[in-house]
Amino acid sequence: MGAVLLPGVLGYALLNGLVVTMPAVVSDALKVFDAAPPPPPPPPEEKVRPRPSPSRKPEGLRRRLI
């Protein structure tokens, strides 16, 4: 009998303990702060890469190893 009664009482206490009434009106103390979201980050800077200078060597000519 106790094996059935004890879990029943604990379950009832647990379910009644989870029932919490929340206030519907926000208190004035919480309205004092004007918290705005942070500004968005600046756009990333575009890095301009210079064009590589054309080679003075004819195409296909390789350097010889001595």
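Residues numbered from 1 in each chain as written. Predicted model: local features only at pLDDT ≥ 70, side-chain atom pairs only at ≥ 80, totals over all residues. Heavy atoms only, no water.

Notes on the overall build of the protein
Part 1 of the argument: The helix and strand inventory of the protein stands at 2 helices and 0 strands.
Part 2 of the argument: Here the protein holds 66 residues, and 0% of them are scored as buried. (Helix = DSSP H or I, 4+ residues; strand = E, 2+ residues; numbered from the N terminus. Buried < 20%, exposed > 50% of the residue type's maximum accessible area, 1.4 Å probe, protein only.)

Description of helix H1 (residues 2–18)
Part 1 of the argument: Helix length check: H1 (17 residues) gives 24 Å between terminal C-alpha atoms against 24 Å at 1.5 Å per residue, within 8%.
Part 2 of the argument: With 0 of 17 residues buried, H1 is to be regarded as a mostly surface element. (Expected span 1.5 Å × (residues − 1).)

Examining a nonpolar patch on the surface
Part 1 of the argument: Taken together, the side chains of Leu-14, Leu-15 and Leu-18 make up a nonpolar region of the molecular surface, amounting to roughly 340 Å² of accessible area.
Part 2 of the argument: Tracing the backbone shows Leu-15 in helix H1.
Part 3 of the argument: Under the relative-accessibility criterion, Leu-15 is labelled exposed at 58%. (Patch = residues over 30% accessible without salt bridge, like charges linked within 9 Å, V, L, I, M, F, W, Y side chains within 5 Å. Areas by Shrake-Rupley, 256 points an atom, 1.4 Å probe, with all protein chains shown as cover. Salt bridge = Lys/Arg side-chain N within 4 Å of Asp/Glu carboxyl O.)

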